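So the chains spell out like this:
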Amino acid sequence: MSGVRLGIRGKIAAIILICMVPVLFLGVVFYADRNRERQALVLRSQRDTAQALAADVETFITNAVHAERAAGAAVTSQPYPVIGIVQLFSAIRANDPAFLSLTLALPDGRVEVSDPSAPPRATVADRPAFARVLAGADWAVGPLGAVRGRPGLEVAVRIADRGRLAAVMDGIVDLTQLRTSLPSAFASDMDGVILDGAGRVVLDLRHPDRSAGVFRDLPAVHTALAGRPATITGFRNPRTGTRELGSAVPIPVLGWVTVVLEPETSALEPVRTAAAQEMLWVLAFAGLGLFLAWVLGGELSAPILYLARGARAIGRGDLGHRVALRRTDELGELGGAFDEMSERLQRSVSEMNALQAVSDAALSTVDLRELLPMLVRQIVSAMRGDGGAVWFADETTGDLAESNGGAPGDGRRLRPGEGVVGRVAAGGRPLVISDQDALRAVDPELPGQGVHSVVSVPLRAGGRVIGVILVFARRRREFRPQDVRLLETFADRVALAVDNARAFERQQEIAAIVQAALLPPPSVRLPGLAIAGRYRSSREVGGDFYAILPLTSGHVGLAIADVSGKGIPAATLSARTRYLLEAFALDAPSPDTVLARLNAVLARDGGTGMFVSLFYAVLDPETGTLRFSSAGHPSPLLLARDADAAAPLEARGLLLGVDADARYSMAESRIRPGDLLVLFTDGITEARDAAGEQFGEPRLQALLGTLRTAQPEDIADRVMAEVKQWTGDRQIDDQAFVAIRVLPWGANTLSG
């Protein structure tokens, strides 16, 4: 029964019930035996009743025989006149209404005297009982017959005188008189039936109209006719349809049978009542056992359920859940162990969360000015302290300087071995002081600031002590060994974060130097051109650059590029691309050829997974011819002096460094004095505001429309300011912008 799930209480009840099974089995066996005994008692009672009825019938017949014998003896003892014999017979019948008639017959069968009187020359020679007496029987009973509508039975008695047959008393008795002498054991719904030797109904004490042959085929009747009592079961009364049971008992003197019947419902009612009472007692004891088992199970299972709910609560994240079992037994001890485990788990998870928070804070920024205060706050909160500070060792002198403001000793500098921090840095081991007097002896200034207890551990990076972290409490507190281990774990994260931040700062400095060398001056003047370029890096230096390349024959190369990635790798690739571009531009006049050569070199020497988008154009200021190619870079915008809107200069081409065999198309445009050409990286158009919306090229075009007569420097400054206002502090990519104003040939300044 895989679908059945029993709890502890149910299992305890089931165990007790299983233990009760043998007792219940014995009870059922005893119950069955008791039922059989009761049924046997009922059947014995019915047999006794049937035997009593048979005895009454025998007594009834015997009384008739005695009465006839006494009458015969009186008649033969002295001569009576006929009238006297008649009066004697009348007196006997009056005293015993069972006699329907009395007859004194001579041995030849002639009726001598009869009451009531018989017709002249009447004879009883044809009567069976008379014949059997003549044959030598002392008395005999004849077959049943109807006399005046009543069942009459012939009873013949031998009257002897000096040893010879003198006469025969032949009487007819009324069997209905048996009803007046029913056995005392007869119940109101019990029936007594007398059957003759053929199994026919002689007399039914309750139902005179019962069919004569209704019992003829009953096996019990045949058994009784054979001389043995028998039990009747399963008999269905044809009149009522009810099932009846009873007993059949022989009447030996007659060769007849008495049958006693009773409906099963009433006969077995005492049996069923007693059985029901006993079953109720059994069920009551079983129920009491189950109730006690249930109560005991509840007493045992309730703490387990509390523990299970506590475990589920902890599984849901409620680590502060306690079961609070107020018991003194083993279950109470288990509850206490559970609460202790929950408390330790809560503390461990809290420490892990704090460690994760410190790690997240360490990864959130590489700016030490932002990083250190954040880390100190997280650590102090996790340690449940009142404050803390990080001290760093000077690489030259070894002196320790506090790097987090707002803590006791702010602005202090300590030599190695001086104060708590100096001792930790000098010894390279944790230090815990929980007594204010001991703290005053080590570092007098801290107790003066209200500090009572401190714990301090060294910061290590690369196997050397680079500083110390200190957490303090303004109340008495015993910092435990696990607190020291937790602070050491925090110190490892802080030291790693500081080391990474310092390495990043050095990397950024190098990358910034490299990138600064790539950019031309912010303003450039060439014959026929006024150029202004602006660049703003994101937090991490990237690889954006733009270039103004004077070429032969007065031509000018104009380029802008965006290198994927950040940091030194991007700056390095940017510098390499910048110098290769200049070399190929001086050697090949065609922009598409320059990009193809540049791409072949970058793709052949690739492997870094980085690529470059680049726009390159060659401008002849004298003729206004602009030939250009693009390697996946955003299209520049050309705002003609008489145009309503700026138009993009589109040319197709694959990013540099992806496919060495890539080919690039070249397009050509004509520009005139007064026209404005702007180059930009995607950091301009893809800059996003707080809602995530991009600055976009349409917004840039609209802005340029308002600046069509402005100086290139003003245009560049305005565009960079608008983009800055759009993004706020959310800049995530480098931004480069170049504004090129076409001047009349030979001029290098704008008029007016």
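These numbers come from a predicted model, not from an experiment.

Enquirer: Can you explain the sheet that holds strand E16 (residues 464-473)? Please cite residues and give values.
Expert: The antiparallel open sheet is built from 6 strands, whose spatial order is E13-E12-E11-E16-E15-E14. Only two strands of the sheet have a single neighbouring strand rather than two, namely strand E13 (413-414) and strand E14 (431-433). Docked against the sheet, helix H9 (residues 419-427) engages strand E11 (387-393), strand E12 (400-402), E13, E14, strand E15 (453-461) and E16, running at close to 145 degrees with respect to E16.

Enquirer: How would you explain a nonpolar patch on the surface if you had to name every residue and give the values?
Expert: Taken together, the side chains of Trp281, Phe285, Leu288, Phe291, Leu292 and Val295 present a nonpolar region at the surface, about 680 Å² in accessible area. Within the element layout of this structure, tryptophan 281 appears in helix H6 (residues 269-315). Look at tryptophan 281 and you get exposed, because its relative accessible area is 57%.

Enquirer: Mind laying out the pattern of salt bridges, listing which residues take part and the relevant values?
Expert: Per the stated rule, a full pass over the model turns up 21 salt bridges. Here arginine 127 ties to aspartate 170 by a salt bridge, and the two come within 2.9 Å at their closest N and O atoms. Of this pair, arginine 127 sits in the loop between strand E2 (111-115) and helix H3 (128-134) while aspartate 170 sits in strand E5 (residues 164-174), and the two are 43 residues apart along the sequence. Looking at aspartate 170, the relative accessible area reads 0%, which means it is buried. Aspartate 386 serves as the salt-bridge partner of arginine 475, at 3.3 Å between the closest nitrogen and oxygen. With arginine 475 in the loop between E16 and helix H12 (481-518) and aspartate 386 in the loop between helix H8 (368-382) and E11, the pair connects residues that are 89 residues apart, well separated along the chain. Salt bridges linked by common partners bring Asp191, Asp204 and Arg210 together as one network.

Enquirer: If you had to explain the pairing of strand E4 (residues 150-161) to someone new, which residues and values would you point to?
Expert: Along a regular strand, successive side chains alternate from one face of the sheet to the other. Across 7 bridges, strand E3 (residues 139-147) lies against E4 in antiparallel orientation. Across the sheet, glycine 145 pairs through a bridge with glycine 152, a residue of E4. Where E3 folds back on E4, the antiparallel hairpin that results is connected by 2 residues, among which arginine 148 adopts a positive phi of roughly 50 degrees. Sheet topology places E4 next to E5; 10 bridges connect them, and they run antiparallel. Within E5, the residue paired with isoleucine 159 across the bridge is alanine 167. The turn joining E4 and E5, which pair antiparallel and follow one another in sequence, is formed by 2 residues; a positive phi near 55 degrees is taken by arginine 162.

Enquirer: Which residues make up the side chain of threonine 103, and what are the values?
Expert: Residue placement: threonine 103 occurs in strand E1 (residues 99-105). Relative accessible area serves as the criterion here: at 4%, threonine 103 is assigned to the buried category. A polar atom in the side chain of threonine 103 sits 3.3 Å from the side chain of serine 114. Ignoring sequence-local partners within four residues, the contact set of threonine 103 consists of Phe89, Val111, Val113, Ser114, Val124, Arg127, Val168, Met169 and Asp170.

Enquirer: Which residues make up helix H13 (residues 567-587), and what values go with them?
Expert: Along an α-helix, residues three or four positions apart point the same way, because every turn accommodates 3.6 residues. Between its terminal C-alpha atoms H13 stretches 31 Å, which fits the 30 Å expected from 21 residues at 1.5 Å a residue. Among all positions of H13, only Gly567, Ala570, Ala571, Leu573, Ser574, Ala575, Thr577, Arg578, Leu580, Leu581, Phe584 and Ala585 are buried.

Enquirer: Tell me about helix H14 (residues 591-604), and please be specific about residues and values.
Expert: In this model H14 runs 20 Å from its N-terminal to its C-terminal C-alpha over 14 residues, within 8% of the 20 Å that 1.5 Å per residue would give. Listed as buried for H14 are Pro591, Val594, Leu595, Ala596, Leu598, Asn599, Val601 and Leu602. Structurally, H14 contributes buried residues whose contacts are with H13, strand E21 (612-620) and strand E22 (625-631).

Enquirer: Summarise unusual backbone geometry; cite the residues concerned and give the values.
Expert: Across the junction of aspartate 115 and proline 116, the peptide omega takes the value 0 degrees, indicating a cis bond. Secondary-structure assignment places proline 116 in the loop between E2 and H3. In this structure, arginine 384 is a non-glycine residue whose phi angle is positive, near 55 degrees. Judged by relative accessible area, which is 44%, arginine 384 ranks as partly exposed. Backbone geometry places serine 553, a non-glycine residue, at a positive phi of 60 degrees. The class for serine 553 is exposed, based on a relative accessible area of 69%.

Enquirer: Which residues make up the packing of helix H16 (residues 697-705) against helix H17 (residues 712-727), and what values do they have?
Expert: A pair of packed helices can be characterised by two numbers: the angle between their axes and the separation between those axes. Two numbers describe how H16 lies on H17: the axes approach to 11 Å, and their chain directions differ by 140 degrees. One finds that H16 runs oblique with respect to H17. In terms of crossing hand, the pair formed by H16 and H17 is right-handed. Between H16 and H17, the residues in contact are Arg699, Leu700, Leu703 and Leu704 and Ile715, Arg718, Val719, Glu722 and Trp726, respectively. Looking at the contact of H16 with H17 residue by residue, the classes come out as 6 nonpolar, no polar and 3 charged.

Enquirer: Describe in detail the packing of aromatic side chains, supporting the description with residues and values.
Expert: For the structure shown, the criterion picks out 3 aromatic pairs. Their ring planes at 35 degrees and their centres at 5.4 Å tell us that phenylalanine 215 and phenylalanine 235 sit as a pair that is tilted. One end of the pair, phenylalanine 215, is in the loop between strand E7 (201-204) and helix H4 (219-225); the other, phenylalanine 235, is in strand E8 (residues 230-236), with 20 residues separating them in the sequence. When its relative accessible area of 8% is taken as the criterion, phenylalanine 235 is described as buried. With a centroid separation of 5.9 Å and an interplanar angle of 80 degrees, the aromatic rings of phenylalanine 695 and tryptophan 726 are classed as edge-to-face. In this pair, phenylalanine 695 sits in the loop between helix H15 (682-685) and H16 while tryptophan 726 sits in helix H17, placing the two residues 31 residues apart along the sequence. Across the pair, exposure class does not vary: phenylalanine 695 and tryptophan 726 are buried alike. Its guanidinium or amino end placed over the ring of phenylalanine 695, arginine 699 lies 5.8 Å from that ring's centre, counting from NZ or CZ.

Enquirer: Now, about the sheet that holds strand E20 (residues 556-563): what can you tell me, with residues and values included?
Expert: Spatial strand order, E19-E20-E21-E22-E25: 5 strands in an open sheet with antiparallel pairing. A strand with exactly one partner marks an edge of an open sheet, and here the two such strands are strand E19 (545-550) and strand E25 (667-670). Averaged over all neighbouring strand pairs, the angle between strand axes comes to 20 degrees, with direction disregarded. Judged from the 8 bridges that link them, E20 and E21 form a sheet pairing that is antiparallel. Residue pairing across strands places valine 563 opposite valine 612, the latter belonging to E21. On top of the sheet, H13 reaches E19, E20 and E21; it is set at about 20 degrees to E19, its chief contact.

Enquirer: Lay out the confidence of the model for the chain with the relevant residues and their values.
Expert: Here the chain shows a mean pLDDT of 82. Residues at 70 or above account for 86%. The low-confidence segment residues 405-410, where pLDDT is below 50, has 14 contacts with residues more than four positions distant or belonging to other chains.

Enquirer: How would you explain the environment of alanine 212 if you had to name every residue and give the values?
Expert: Position of alanine 212 relative to the elements: it lies in the loop between E7 and H4. Sequence-distant contacts of alanine 212, that is, excluding residues within four places in its chain, are made with Gly199, Arg200 and Val201.

Enquirer: I'd like a description of the pairing of strand E10 (residues 256-263), backed by residues and values.
Expert: The element E10 is largely enclosed, with a buried count of 8 among its 8 residues. Every second residue of E10 is oriented toward a common face, with Trp256, Thr258, Val260 and Glu262 on one face and Val257, Val259, Leu261 and Pro263 on the other, all of them buried. Here strand E6 (residues 191-195) pairs with E10 via 5 bridges, running antiparallel. Residue pairing across strands places isoleucine 194 opposite threonine 258, the latter belonging to E10. Judged from the 8 bridges that link them, strand E9 (residues 243-251) and E10 form a sheet pairing that is antiparallel. Considered in E10, the bridge of glutamate 244 is made with proline 263. Counted along the chain from E9 to the antiparallel partner E10, the turn is 4 residues long, and its residue glycine 255 has a positive phi close to 75 degrees.

What counts, and at which threshold
- Residues numbered from 1 in each chain as written.
- Predicted model: local features only at pLDDT ≥ 70, side-chain atom pairs only at ≥ 80, totals over all residues.
- Heavy atoms only, no water.
- Pairing = 2+ DSSP bridges.
- Helix = DSSP H or I, 4+ residues; strand = E, 2+ residues; numbered from the N terminus.
- Contact = heavy atoms within 4.5 Å.
- Axes fitted to C-alpha atoms, helices over the stretch in contact; angles between N-to-C directions.
- Patch = residues over 30% accessible without salt bridge, like charges linked within 9 Å, V, L, I, M, F, W, Y side chains within 5 Å.
- Areas by Shrake-Rupley, 256 points an atom, 1.4 Å probe, with all protein chains shown as cover.
- Salt bridge = Lys/Arg side-chain N within 4 Å of Asp/Glu carboxyl O.
- Buried < 20%, exposed > 50% of the residue type's maximum accessible area, 1.4 Å probe, protein only.
- Polar contact = N/O pair within 3.5 Å; in protein donor to acceptor, adjacent residues only side chain to side chain.
- Expected span 1.5 Å × (residues − 1).
- Parallel < 35°, antiparallel > 145°, perpendicular 65-115°, else oblique.
- Left-handed = near helix turned anticlockwise from the far one by under 90°.
- Nonpolar A, V, L, I, M, F, W, Y, C, P; charged D, E, K, R; others polar.
- Phe/Tyr/Trp six-rings, centres within 6.5 Å; stacked < 30°, edge-to-face > 60°.
- Lys NZ or Arg CZ within 6 Å of the ring centre and 35° of its normal.
- pLDDT = per-residue confidence, 0-100.

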